[in-house]
Amino acid sequence: MALAPPPSGAGVVACTGPLSSITPTLKHLGSCSKSFDRFPPPSVCTSSGEFGGFGGVWRSLEGLHHSDMAVRVTAVRLAALLVTMSCARALALQRNHILGRPRATRGFSESKRVYYRTLYFDQQIDHFGFLENGVFKQRYLLSDQHWHQNGPILFYTGNEGDITWFCNNTGFMWDVAEEMGAMLVFAEHRYYGESLPFGEESYSNAKYLNYLTSEQALADFAVLIKSLKASVTGAQNSPVIAVGGSYGGMLAAWLRMKYPSVVTGALAASAPIWQFTDMVPCGDFYKIVTQDFAKSGINCSKSIRRSWMAISNVSSTGEGLQWLSEEFGLCAPLKPQDVDDFRAWLQETWVNLAMVDYPYEANFLQHLPRWPVKVVCTHLQFDSGVTDRQLLHGVSQAVKVYYNYTGSAVCLNMSETATGSLGTRGWYYQACTEMVMPMCTDGIQDMFEPQSWSLQAFSDECYGLFGVRPREHWASMAYGGKKINSHSNIIFRRVKRLVLLTESNGDLDPWKSGGVTKSLSDSLVAIVIPDGAHHLDLRYSNEHDPQSVIQARALELQHIKQWIKQEQV
């Protein structure tokens, strides 16, 4: 799909619509009305009030099967950090789990209506060189329903996916907008959604992909903020707070670090800014996944650990492969060469479940029940005497909680594990260049098969896919590694505490392995949420929220208000 030109006609289209109606197939966001309000036409294009399709921009990874890519999703993520993104046959290129974000949940919060304009900004393709002078249309969403002159701006730093999806799933910003009198801005990350620097050719070759970096994305955000404050009447003195979750949380923290004159503070939820080489042990991520299952049911993680050998035993015959295909309700029958992909699919499923272990029904990656890991574990409480097929029957029932909770799936497709709103292909490229996040398993401290980390094998896979090799230490050099004490106003939500650069992290979230989990100073605050999964605090408030996340949100808001007050003084 080519980058669509801005719709004809002057003015800005203001759209309203219920969150519950926002789905990948919906074309209209409720009723739309023309408005010129505060935003002049110059560097802005108007929206028709239609979605361009969630993830429809991307051509599929045609011909790149799990085993061909030899990748493991390290955060599906996002999520996702985000992170939102299982291991494949070669086990070399670990498919980085997409650092993604959750969809709106059912219940009271979902009945809220959101009002925003869809706008486009002429953004420089290359901020750091002088030969490429081209520009592209960067999409951003803006809501000023509750904003007043000189009021704060909450700026969402877009993740690896369609910005409308993140906008409608970042309920925290919508929940506090009226109380704060805040303008909300959701900026799309270059190369995702509609923000394609070279249109439909953006992924066609390494030359065009060369501009897909976090540094370029941060510069996009900084330039957009400066332009908004200069062009919107009454915004010149508005304090800006960066907000993001998973990879978006990493960007929020880094935006405050790199451009302190542009943003006053940052809330970085589930942001694994330390998930890089020599910063955290490569096995920590999968240990946390295992811990989530171990405490959610008797023998649950042990059953999953034993299932890998059971798969080997059963799949050794043609009859066994047929049984597995029928037992799991697969859309295509397993062949001998598919078994490693089947294992990778299961591993990715367990990881995704740990990431979205929310206390209420939600449909972030799939439609799931409350505390889905506990529900899954009710099918996996076997003792050591269980037969292989009995064990795998339990595994199949557990897997169907993730893929068919609603009972509407006719069969299970191993190539579909999460929402199409995430830009899988773009994240693979970023993982192959600067977002190098080593991960490994040992089969002892975790419930997965032993898999070591090999930078050389990873590099070779990246070269085969994109013609590039990773710069292993670049992210830690560019963003300070663990020596970030000189920065301020960041909250790191690790699901336990908070900061001016505030990061929050959840104890249930595997990505806390690379997050900041202890406050580094009075203004670099870490908030840990004991009952929190992947950036739970950024989701809409819900009647089933544990007290820990309610308190975390209150603390985050307290810090943000303090930063704004200091800036205004």
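Up top is the structure.
A quick note: this is a predicted structure, and the numbers were derived from the prediction, not measured.

Student: Mind showing me how you'd approach the pairing of strand β9 (residues 265–269) here?
Tutor: The side chains of a regular strand alternate, residue by residue, between the two faces of the sheet. β9 sits mainly inside the fold: 5 of its 5 residues count as buried. Residues of β9 alternate between two faces, with G265, L267 and A269 on one and A266 and A268 on the opposite face, all of them buried. Summarising the sheet, strand β8 (residues 240–245) and β9 pair through 5 bridges and their orientation is parallel. Among the inter-strand pairings, A242 is bridged to a residue of β9, identified as A266. In the classification by handedness, the crossover that spans β8, the intervening helix α6 (residues 247–258) and the parallel β9 is right-handed.

Student: Quick question: what am I supposed to make of the state of the cysteines here?
Tutor: Applying the stated criterion across every chain yields a total of 4 disulfides. Each bonded cysteine of the protein chain is numbered by sequence order, and under that numbering the disulfide pairs are 1-7, 2-4, 3-5, 6-8.

Student: I tried to follow the nonpolar core on my own but got confused; where do I start?
Tutor: Considering soluble globular proteins, one finds that nonpolar side chains tend to be buried as a cluster. Counting 79 residues, the largest nonpolar core has F293, F342, W345, L346 and W350 as its most contacted members. Take this core: its biggest share by element is 9 residues, from helix α10 (residues 339–355). The residues touching F293, leaving out its near neighbours within four places in the chain, are C300, S301, I304, W350, L353, A354, V373, V376, C377 and M447. Judged by nonpolar contacts, the second largest core, of 61 residues, contains F155, Y211, F276 and Y428.

Student: Help me understand α10 in this model?
Tutor: Each α-helix winds once per 3.6 residues, and so residues spaced three or four apart point in a common direction. When the terminal C-alpha atoms of α10 are compared, their 25 Å separation across 17 residues agrees well with the 24 Å that a helix rising 1.5 Å per residue should span. With 16 of 17 residues buried, α10 is to be regarded as a mostly interior element.

Student: Please explain the environment of R425 as it appears in this structure.
Tutor: Looking at the element boundaries, R425 is found in helix α13 (residues 424–431). Here the alpha-carbon distance between R425 and Y192, two residues 233 residues apart in the chain, equals 9.5 Å.

Student: What is the right way to look at the side chain of S303 in this model?
Tutor: Following the sequence through the fold, S303 ends up in helix α8 (residues 300–314). For S303, the side chain forms a polar contact with the main-chain oxygen of L380, separated by 2.7 Å. Beyond its immediate stretch of four places on either side in the chain, S303 contacts L380, F382 and L391.

Student: Where do I start with the pattern of salt bridges in this structure?
Tutor: When their charged atoms lie close together, side chains carrying opposite charge are able to pair. Scanning all chains against the criterion turns up 12 salt bridges. Of the charged contacts in the structure, one is a salt bridge between R139 and E188, with a shortest N-O distance of 2.7 Å. A residue pair is termed long-range when its members are at least 10 positions apart, and R139 in strand β5 (residues 135–143) and E188 in the loop between β7 (183–187) and α4 (206–209) qualify at 49 residues. Both residues of the pair, R139 and E188, belong to the buried class. Note that R343 and E449 form a salt bridge whose closest N and O atoms lie 2.8 Å from each other. With R343 in helix α10 and E449 in the loop between α13 and α14 (455–466), the pair connects residues that are 106 residues apart, well separated along the chain.

Conventions used here
- Residues numbered from 1 in each chain as written.
- Predicted model: local features only at pLDDT ≥ 70, side-chain atom pairs only at ≥ 80, totals over all residues.
- Heavy atoms only, no water.
- Buried < 20%, exposed > 50% of the residue type's maximum accessible area, 1.4 Å probe, protein only.
- Helix = DSSP H or I, 4+ residues; strand = E, 2+ residues; numbered from the N terminus.
- Pairing = 2+ DSSP bridges.
- Right-handed = clockwise from strand over helix to strand, strands pointing away.
- Disulfide = S-S within 2.5 Å.
- Core = buried A, V, L, I, M, F, W, Y, C linked by side-chain atoms within 4.5 Å.
- Contact = heavy atoms within 4.5 Å.
- Expected span 1.5 Å × (residues − 1).
- Polar contact = N/O pair within 3.5 Å; in protein donor to acceptor, adjacent residues only side chain to side chain.
- Salt bridge = Lys/Arg side-chain N within 4 Å of Asp/Glu carboxyl O.

All we've got here are geometric facts, nothing functional implied.
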